[in-house]
Each structure stands twice: as C-alpha cells, then as structure tokens.
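Spelled out, the chains give:
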Amino acid sequence: MTLAYFLLIILVYIVIIAFAVGAHFMPKKVVKGIMLAVYAAMLAGETVKQIVAFTAEGGYDLWMAPMHFSSTFYITVGFVLLGGKRLKHIGQSVLLVSGLMLFAMIAFSPYSIFGAEPEDIFKSADSIYGYFFHMAVILQLAVMIAGGEYKPKLYDPAIFAAFALVYGCIAVPFSIKTQLNFANILQFSALPFMDSIRENYGHAVYLIVYYLGVCAIGAAIIYVYYLLYRLFEKRKRRFRIN
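Residues numbered from 1 in each chain as written. Predicted model: local features only at pLDDT ≥ 70, side-chain atom pairs only at ≥ 80, totals over all residues. Heavy atoms only, no water.

A few words now on the overall build of the chain. From N to C terminus, the chain includes 9 helices and 0 strands. For the chain, the succession of helices and strands along the chain, N to C, is α-α-α-α-α-α-α-α-α. Taken over the C-alpha trace, the chain has a radius of gyration of 19 Å; the compact-globule value for 242 residues is 18 Å, and the two agree within 12%. Projecting the C-alpha coordinates of the chain onto the three principal axes gives extents of approximately 65 × 40 × 40 Å. (Helix = DSSP H or I, 4+ residues; strand = E, 2+ residues; numbered from the N terminus. Rg over C-alpha atoms; globule rule 2.2 N^0.38 Å.)

In structure tokens form, the structure reads like this:
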C-alpha cells in the first residue's frame, strides 16, 4: 500500500463513512441540502468537462461522451434526491448495486476508475475530475445506506436488470459504431475468461454472458442487503420493545 493510496482512498473512505454515520443524526433537511449541493457540483463538473471537450483543438473526442456506465450516476443520484416515490426507489436500487461495485473497484483497481494510479491522480485534469466525481458518488451511496431510506424489495434485482438493459441498448450500438470500449463492451481485458468467450463464441454471446453476469452480481448484492436490512430492523424493534 502506497501513501497516496492510503490518503486518497482508504482515509477518504473512512471520512465518508464517518460523515454518513454522523449525517444519520443530523436534521434531514440539512443532510438533503448537503447532498443536493454535492449533486449540483457533480453536474457542474460534467458541464465544464463537456464544454472543454467541445472547444478542444482537433474537435470533440467521443471518449468524453457521457456513454460510460459512470455517467448513469447522474440519473440514479438524481432519482434518489429529486424523484418521487417510484423514481426514488428505482434510483436507490440501482445506486446500491452500481455504487457498491464502484466502491470495490476503486479499492482494488483505482486505475480502472480514475485512469491513473493514486500517486498520479493530481497530474491531469481528467483524473482529478474522475476522482472527485466518483468519490462524490461514494458519498451519496454512504449517506443513503446510513440513513436507512432505501427499503429493499424482493423485485429490486429486476429494476437493476431493466436499468442495465436500457443502458446497454444505448451504449452497445454507440460503442460498436465508434469502436470505443465503453464499459468493456468491446472487450474485457481485465477478465481474460470473458475475452475467451468473445473470441471463441462471438461478440453476441459475450454480451449476453456479460449482461447476465452483471445482473447476477446485482441480484446477489440486493438480496444480501435485503437480509441484512431485515435483520437490522428486527433487532431495532426488539431494542425498542425492551
């Protein structure tokens, strides 16, 4: 573990978790205001990023297009903070899965998320933006979980699967047309067995296996959370009774 990894990831994770737990005891309006301010900063950062990309010499780089799966956090976080009852639950279901996946990927492979190792994050504008954006998402996730607002349902894996399918229907054609590897749609070099499937059975089979695998992971995350949530609620009720 390098010092940069400890300071920028482990320590920041600790601070985020501590804030999320503390926020549970703050007035809901104050917490909501803070989270809306963070979300507004996320949107402002994306706006600046797109303006810079459009005005760059040589024209717009399509890799900067909001076709990465991370771009869906603008939607899910927006649903959680601003949506009605149904949209809020959709946003919570998807944010739980994609946010925890992001949490793990940052912890185990920060380069795959930030495009730079921890010690190099502040050497380019893109990696700086990516760092603060993704940590803002982790903050939104932590506050959602600590606040206990997300009440998981048994059908929530279907919500995540539908969301991932809609994203795929948009991102897959775009990725194939541009030959840009958004969300590992073209190849998955980090997982050799996935590329073996693509090479041996074709791209369509690769995408189907990829989608089903992501949905299976999503279902596992939601159901584990569901069991933990019910256990926590049961113990909380017993504590109140006693």
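Here we come to the packing of aromatic side chains. In total, this model carries 15 aromatic pairs according to the counting rule given. A centroid spacing of 6.0 Å and a plane angle of 20° characterise the contact between Tyr-129 and Phe-133, whose relative ring orientation is stacked. Of this pair, Tyr-129 and Phe-133 both sit in helix α6 (residues 125–147), separated by 4 residues, roughly a single helical turn. Between Phe-174 and Phe-182, the ring centres sit 5.7 Å apart and the planes meet at 50°, which makes this aromatic pair tilted. (Phe/Tyr/Trp six-rings, centres within 6.5 Å; stacked < 30°, edge-to-face > 60°.)

On inspection of all chains with the given rule, the structure shows 5 salt bridges. For the salt bridge of Lys-123 with Asp-120, the shortest nitrogen-to-oxygen distance reads 2.9 Å. Of the charged contacts, one joins Asp-195 and Arg-198 as a salt bridge, the two residues approaching to 3.1 Å between their closest N and O atoms. Separated by 3 residues within a single helix, Asp-195 and Arg-198 lie in helix α8 (residues 192–201), roughly one turn from each other. Because the salt bridges share partners, they merge into one network encompassing Asp-195, Arg-198 and Glu-199. (Salt bridge = Lys/Arg side-chain N within 4 Å of Asp/Glu carboxyl O.)

Let's shift gears to unusual backbone geometry. In this structure, Gln-179 takes a positive phi of about 60° despite not being glycine. With a phi angle near 60°, Asn-184 is a residue other than glycine that sits in the positive phi range. Looking at the secondary structure, you find Asn-184 in the loop between α7 (156–178) and α8.

Here we come to the packing of helix α2 (residues 28–54) against α6. Where α2 contacts α6, the two axes come as close as 10 Å, and the packing angle between them is 155°. The pairing of α2 with α6 is recorded here as roughly antiparallel in orientation. The element α2 and its partner α6 pack so that their crossing is left-handed. Every residue of α6 that contacts α2 at Val-31, Met-35, Val-38, Tyr-39, Met-42, Gly-45, Glu-46 and Lys-49 is listed here: Tyr-129, Phe-133, Ala-136, Val-137, Leu-139, Gln-140 and Val-143. (Axes fitted to C-alpha atoms, helices over the stretch in contact; angles between N-to-C directions. Parallel < 35°, antiparallel > 145°, perpendicular 65-115°, else oblique. Left-handed = near helix turned anticlockwise from the far one by under 90°. Contact = heavy atoms within 4.5 Å.)

On the secondary structure map, Val-97 appears in helix α4 (residues 85–108). When its relative accessible area of 0% is taken as the criterion, Val-97 is described as buried. As for Val-97 and Phe-160, which are separated by 63 residues in sequence, their C-alpha atoms are 7.8 Å apart. Each residue touching Val-97, except ones within four places of it in the same chain, is listed here: Phe-160, Gly-218, Ile-221 and Ile-222. (Buried < 20%, exposed > 50% of the residue type's maximum accessible area, 1.4 Å probe, protein only.)

We now examine the state of the cysteines. Counted under the stated rule, the structure contains 0 disulfides. Cys-169 takes part in no disulfide bond, and the closest cysteine sulfur to it belongs to Cys-215, at a distance of 12 Å. Take Cys-169: its relative accessible area is 54%, and that puts it in the exposed class. (Disulfide = S-S within 2.5 Å.)

This paragraph deals with a positive patch on the surface. Taken together, the side chains of Lys-28, Lys-85, Arg-86, Lys-151 and Lys-153 make up a positively charged region of the molecular surface. Along the polypeptide, Lys-153 turns up in the loop between α6 and α7. (Patch = residues over 30% accessible without salt bridge, like charges linked within 9 Å, V, L, I, M, F, W, Y side chains within 5 Å. Areas by Shrake-Rupley, 256 points an atom, 1.4 Å probe, with all protein chains shown as cover. Lys, Arg positive; Asp, Glu negative; His and termini not counted. Charge placed at Lys NZ, Arg CZ, Asp CG, Glu CD.)

This part takes up the confidence of the model for the chain. The predicted model of the chain averages 93 in pLDDT, with 97% of residues at 70 or higher. When mean pLDDT is taken per element in the chain, helix α3 (residues 73–82) scores highest with 97 and helix α9 (residues 203–241) scores lowest with 88. (pLDDT = per-residue confidence, 0-100.)

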